[in-house]
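Breakdown of the fold
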Amino acid sequence: MSEHHIKRLVIMRHAKSDWPLGVPDHERPLAERGHREAPLAGKWLLKHHVIPDFILCSSALRTRQTCTWVCSELGDKAPTPKLEDDLYAASAQRMLTVINHVPETVTTLMIFSHMPGVQDLAMHLASRDSDHDAYMDAATRYPTSAMTVMELEKPWAELDGQDARLTHFAVPRPKK
(Lines give C-alpha, C1' and ligand atoms only; values in the text may rest on other atoms or scores of the structure.)
Protein backbone atom coordinates (compact mmCIF):
# COMPACT_ATOMS: atom_id res chain seq x y z
CA MET A 1 0.00 0.00 0.00
CA SER A 2 1.37 3.40 -0.87
CA GLU A 3 1.63 5.68 2.16
CA HIS A 4 -0.39 8.60 0.81
CA HIS A 5 -3.65 6.87 0.10
CA ILE A 6 -3.82 4.83 3.27
CA LYS A 7 -6.77 5.45 5.52
CA ARG A 8 -7.29 3.87 8.93
CA LEU A 9 -10.34 2.47 10.61
CA VAL A 10 -10.38 1.86 14.36
CA ILE A 11 -13.22 -0.34 15.60
CA MET A 12 -13.64 -0.26 19.38
CA ARG A 13 -15.94 -2.18 21.67
CA HIS A 14 -17.16 -0.13 24.64
CA ALA A 15 -15.46 -0.60 28.02
CA LYS A 16 -16.88 -2.92 30.71
CA SER A 17 -20.47 -1.97 31.49
CA ASP A 18 -22.65 -2.39 34.53
CA TRP A 19 -26.04 -4.18 34.70
CA PRO A 20 -28.12 -2.13 37.16
CA LEU A 21 -31.58 -3.54 37.81
CA GLY A 22 -34.39 -1.84 35.97
CA VAL A 23 -32.12 0.19 33.67
CA PRO A 24 -32.90 -0.20 29.95
CA ASP A 25 -30.01 -1.65 27.92
CA HIS A 26 -29.46 1.62 26.01
CA GLU A 27 -28.92 3.48 29.31
CA ARG A 28 -26.51 1.00 30.95
CA PRO A 29 -23.45 2.86 32.31
CA LEU A 30 -19.84 1.76 32.53
CA ALA A 31 -18.82 -0.33 35.53
CA GLU A 32 -15.95 0.88 37.72
CA ARG A 33 -13.60 -1.35 35.73
CA GLY A 34 -14.81 0.30 32.52
CA HIS A 35 -14.03 3.76 33.91
CA ARG A 36 -10.49 2.55 34.73
CA GLU A 37 -9.86 0.82 31.40
CA ALA A 38 -11.42 3.20 28.84
CA PRO A 39 -8.74 5.93 29.27
CA LEU A 40 -6.06 3.30 28.54
CA ALA A 41 -7.43 2.97 25.01
CA GLY A 42 -6.78 6.68 24.45
CA LYS A 43 -3.24 6.28 25.79
CA TRP A 44 -2.70 3.31 23.43
CA LEU A 45 -3.89 5.36 20.44
CA LEU A 46 -1.50 8.20 21.31
CA LYS A 47 1.43 5.84 21.86
CA HIS A 48 0.84 4.18 18.47
CA HIS A 49 0.14 7.48 16.63
CA VAL A 50 -3.38 6.44 15.67
CA ILE A 51 -5.29 9.70 16.04
CA PRO A 52 -8.83 9.74 14.64
CA ASP A 53 -9.95 12.77 12.68
CA PHE A 54 -13.58 11.58 12.76
CA ILE A 55 -15.40 9.60 15.47
CA LEU A 56 -18.76 7.85 15.20
CA CYS A 57 -20.20 6.64 18.49
CA SER A 58 -23.24 4.52 19.28
CA SER A 59 -25.83 6.52 21.19
CA ALA A 60 -25.84 4.03 24.11
CA LEU A 61 -24.61 5.47 27.42
CA ARG A 62 -21.75 2.95 27.83
CA THR A 63 -20.30 3.76 24.40
CA ARG A 64 -20.68 7.51 24.97
CA GLN A 65 -18.84 7.19 28.30
CA THR A 66 -16.08 5.08 26.69
CA CYS A 67 -15.73 7.64 23.91
CA THR A 68 -15.53 10.50 26.44
CA TRP A 69 -12.67 8.77 28.30
CA VAL A 70 -10.77 8.08 25.06
CA CYS A 71 -11.25 11.66 23.85
CA SER A 72 -10.10 13.06 27.21
CA GLU A 73 -6.81 11.18 26.73
CA LEU A 74 -6.48 12.44 23.16
CA GLY A 75 -6.95 15.97 24.46
CA ASP A 76 -7.00 18.70 21.81
CA LYS A 77 -6.23 16.09 19.12
CA ALA A 78 -9.69 14.55 19.58
CA PRO A 79 -12.39 15.47 17.07
CA THR A 80 -15.91 16.12 18.29
CA PRO A 81 -17.65 12.71 18.23
CA LYS A 82 -20.82 12.27 16.23
CA LEU A 83 -23.50 10.19 17.94
CA GLU A 84 -24.97 7.60 15.62
CA ASP A 85 -28.18 5.78 16.62
CA ASP A 86 -27.57 3.25 13.83
CA LEU A 87 -24.47 1.94 15.67
CA TYR A 88 -26.49 0.85 18.72
CA ALA A 89 -26.75 -2.97 18.69
CA ALA A 90 -25.80 -2.82 15.01
CA SER A 91 -24.91 -5.77 12.83
CA ALA A 92 -21.66 -5.66 10.88
CA GLN A 93 -23.65 -4.84 7.74
CA ARG A 94 -25.42 -1.90 9.36
CA MET A 95 -22.08 -0.57 10.68
CA LEU A 96 -20.60 -0.91 7.22
CA THR A 97 -23.50 1.09 5.77
CA VAL A 98 -22.71 3.88 8.26
CA ILE A 99 -19.00 3.75 7.31
CA ASN A 100 -19.88 3.88 3.60
CA HIS A 101 -21.38 7.35 4.20
CA VAL A 102 -18.26 8.83 5.85
CA PRO A 103 -16.82 11.79 3.92
CA GLU A 104 -13.78 10.98 1.79
CA THR A 105 -11.83 13.74 3.56
CA VAL A 106 -11.65 11.52 6.68
CA THR A 107 -8.31 9.71 6.92
CA THR A 108 -8.66 8.00 10.33
CA LEU A 109 -12.14 6.95 11.39
CA MET A 110 -12.90 5.56 14.85
CA ILE A 111 -16.12 3.74 15.68
CA PHE A 112 -17.40 2.94 19.18
CA SER A 113 -20.00 0.18 19.19
CA HIS A 114 -21.05 -3.21 20.57
CA MET A 115 -20.60 -6.96 20.27
CA PRO A 116 -21.12 -8.97 18.19
CA GLY A 117 -21.14 -6.30 15.47
CA VAL A 118 -17.64 -4.94 16.16
CA GLN A 119 -16.00 -8.36 15.89
CA ASP A 120 -18.11 -9.38 12.90
CA LEU A 121 -17.23 -6.14 11.11
CA ALA A 122 -13.49 -6.55 11.73
CA MET A 123 -13.57 -10.12 10.44
CA HIS A 124 -15.68 -9.16 7.42
CA LEU A 125 -13.32 -6.35 6.42
CA ALA A 126 -10.00 -8.11 7.16
CA SER A 127 -8.01 -8.83 4.00
CA ARG A 128 -5.81 -11.84 3.38
CA ASP A 129 -2.67 -9.78 3.99
CA SER A 130 -3.72 -8.88 7.55
CA ASP A 131 -1.28 -9.36 10.41
CA HIS A 132 -1.80 -13.03 11.31
CA ASP A 133 -1.52 -12.67 15.11
CA ALA A 134 -3.76 -9.60 15.24
CA TYR A 135 -6.31 -11.34 13.01
CA MET A 136 -6.35 -14.50 15.15
CA ASP A 137 -6.69 -12.49 18.37
CA ALA A 138 -9.62 -10.48 16.97
CA ALA A 139 -11.25 -13.63 15.59
CA THR A 140 -11.08 -15.60 18.83
CA ARG A 141 -11.89 -12.92 21.41
CA TYR A 142 -13.12 -9.35 21.42
CA PRO A 143 -13.38 -8.33 25.08
CA THR A 144 -14.57 -4.98 26.37
CA SER A 145 -12.27 -2.06 25.43
CA ALA A 146 -10.75 -4.09 22.57
CA MET A 147 -9.74 -2.19 19.43
CA THR A 148 -8.98 -3.32 15.90
CA VAL A 149 -6.87 -1.02 13.72
CA MET A 150 -7.22 -1.52 9.98
CA GLU A 151 -5.63 0.13 6.94
CA LEU A 152 -7.33 0.58 3.59
CA GLU A 153 -6.87 2.33 0.28
CA LYS A 154 -10.44 2.21 -1.02
CA PRO A 155 -12.88 5.09 -0.62
CA TRP A 156 -15.15 4.66 2.42
CA ALA A 157 -18.13 4.33 0.07
CA GLU A 158 -16.54 1.29 -1.65
CA LEU A 159 -15.49 -0.59 1.47
CA ASP A 160 -17.36 -3.89 1.39
CA GLY A 161 -15.35 -6.90 2.54
CA GLN A 162 -11.83 -8.29 2.77
CA ASP A 163 -10.44 -4.96 1.65
CA ALA A 164 -8.84 -3.60 4.83
CA ARG A 165 -5.58 -4.87 6.29
CA LEU A 166 -5.94 -5.64 10.00
CA THR A 167 -2.69 -4.31 11.51
CA HIS A 168 -3.33 -4.24 15.28
CA PHE A 169 -5.64 -5.79 17.82
CA ALA A 170 -5.28 -4.17 21.24
CA VAL A 171 -6.92 -4.82 24.59
CA PRO A 172 -5.61 -2.03 26.85
CA ARG A 173 -5.50 -3.20 30.48
CA PRO A 174 -3.88 -1.71 33.59
CA LYS A 175 -0.43 -3.01 34.48
CA LYS A 176 -0.65 -5.39 37.43
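Summary of the structure given here. (Residues numbered from 1 in each chain as written. Predicted model: local features only at pLDDT ≥ 70, side-chain atom pairs only at ≥ 80, totals over all residues. Heavy atoms only, no water.)

1. Focus: the packing of aromatic side chains
Counted according to the given criterion, the structure contains one aromatic pair. Summarising the aromatic geometry, the rings of Tyr-142 and Phe-169 are spaced 5.2 Å apart at their centres and angled 70° between planes, so their arrangement reads as edge-to-face. Of this pair, Tyr-142 sits in the loop between α5 (132-140) and β5 (147-152) while Phe-169 sits in strand β6 (residues 165-170), placing them 27 residues apart in sequence. There is no split in this pair, since Tyr-142 and Phe-169 are both buried. One residue, Lys-7, lies across the ring of Trp-156, its end atom 5.5 Å from the ring centre. Here the guanidinium or amino end of Arg-28 rests over the ring plane of Trp-19, the centre of that ring lying 3.5 Å away. (Phe/Tyr/Trp six-rings, centres within 6.5 Å; stacked < 30°, edge-to-face > 60°. Helix = DSSP H or I, 4+ residues; strand = E, 2+ residues; numbered from the N terminus. Buried < 20%, exposed > 50% of the residue type's maximum accessible area, 1.4 Å probe, protein only. Lys NZ or Arg CZ within 6 Å of the ring centre and 35° of its normal.)

2. Topic: unusual backbone geometry
Cis geometry marks the peptide bond from Met-115 to Pro-116, where omega comes out at 0°. For Pro-116, the position within the fold is in the loop between β4 (108-113) and α4 (117-125). Not every positive phi belongs to a glycine, and His-49 is a case in point at roughly 55°. Examined against the element boundaries, His-49 turns out to sit in the loop between α1 (32-47) and β2 (54-58). Using a relative accessible area of 62% as the deciding quantity, one classes His-49 as exposed. One non-glycine residue, Gln-162, adopts positive backbone phi at about 55°.

3. With respect to helix α2 (residues 61-74)
Because each turn of an α-helix spans 3.6 residues, side chains separated by three or four positions in sequence point in the same direction. Here α2 is 14 residues long and its end C-alpha atoms lie 20 Å apart, about the 20 Å a rise of 1.5 Å per residue gives. All of the buried residues along α2 are Leu-61, Arg-62, Thr-63, Thr-66, Cys-67, Val-70, Cys-71 and Leu-74. On the buried face of α2, the contacting elements are β1 (7-13), α1, β2 and β4. In the stretch just after α2, Gly-75 is the one whose phi turns positive, near 60°. (Expected span 1.5 Å × (residues − 1). Contact = heavy atoms within 4.5 Å.)

4. Focus on the state of the cysteines
Cysteine pairs can be linked by a disulfide, which is a covalent bond between their two sulfur atoms. Summed over the entire model, instances satisfying the criterion amount to zero disulfides. Lacking any disulfide linkage, Cys-67 is separated from the closest cysteine sulfur, that of Cys-71, by 4.0 Å. Under the relative-accessibility criterion, Cys-67 is labelled buried at 2%. (Disulfide = S-S within 2.5 Å.)

5. Quick notes on the environment of Val-149
On the secondary structure map, Val-149 appears in strand β5. Those residues in contact with Val-149, other than ones at most four positions away along the chain, are Arg-8, Leu-9, Val-10, Trp-44, Val-50, Arg-165, Leu-166, Thr-167 and His-168.

6. What about the packing of helix α3 (residues 92-99) against α4?
Between α3 and α4, the least distance of the axes is 8 Å, while the angle of their chain directions is 70°. Considering their axes alone, α3 and α4 lie roughly perpendicular with respect to each other. Judged by the sense of rotation from one axis to the other, the crossing of α3 with α4 is right-handed. Two secondary-structure elements touch here, α3 through Ala-92, Met-95, Leu-96 and Ile-99 and α4 through Gly-117, Val-118, Asp-120, Leu-121, His-124 and Leu-125. (Axes fitted to C-alpha atoms, helices over the stretch in contact; angles between N-to-C directions. Parallel < 35°, antiparallel > 145°, perpendicular 65-115°, else oblique. Left-handed = near helix turned anticlockwise from the far one by under 90°.)

7. Overview of the side chain of Ser-130
Turning to its location among the elements, Ser-130 is positioned in the loop between α4 and α5. Among the residues examined, Ser-130 registers a relative accessible area of 11% and is labelled buried. A polar atom in the side chain of Ser-130 sits 2.9 Å from the backbone nitrogen of Leu-166. Apart from residues lying up to four places away in sequence, Ser-130 is in contact with Tyr-135, Ala-164, Arg-165 and Leu-166. (Polar contact = N/O pair within 3.5 Å; in protein donor to acceptor, adjacent residues only side chain to side chain.)

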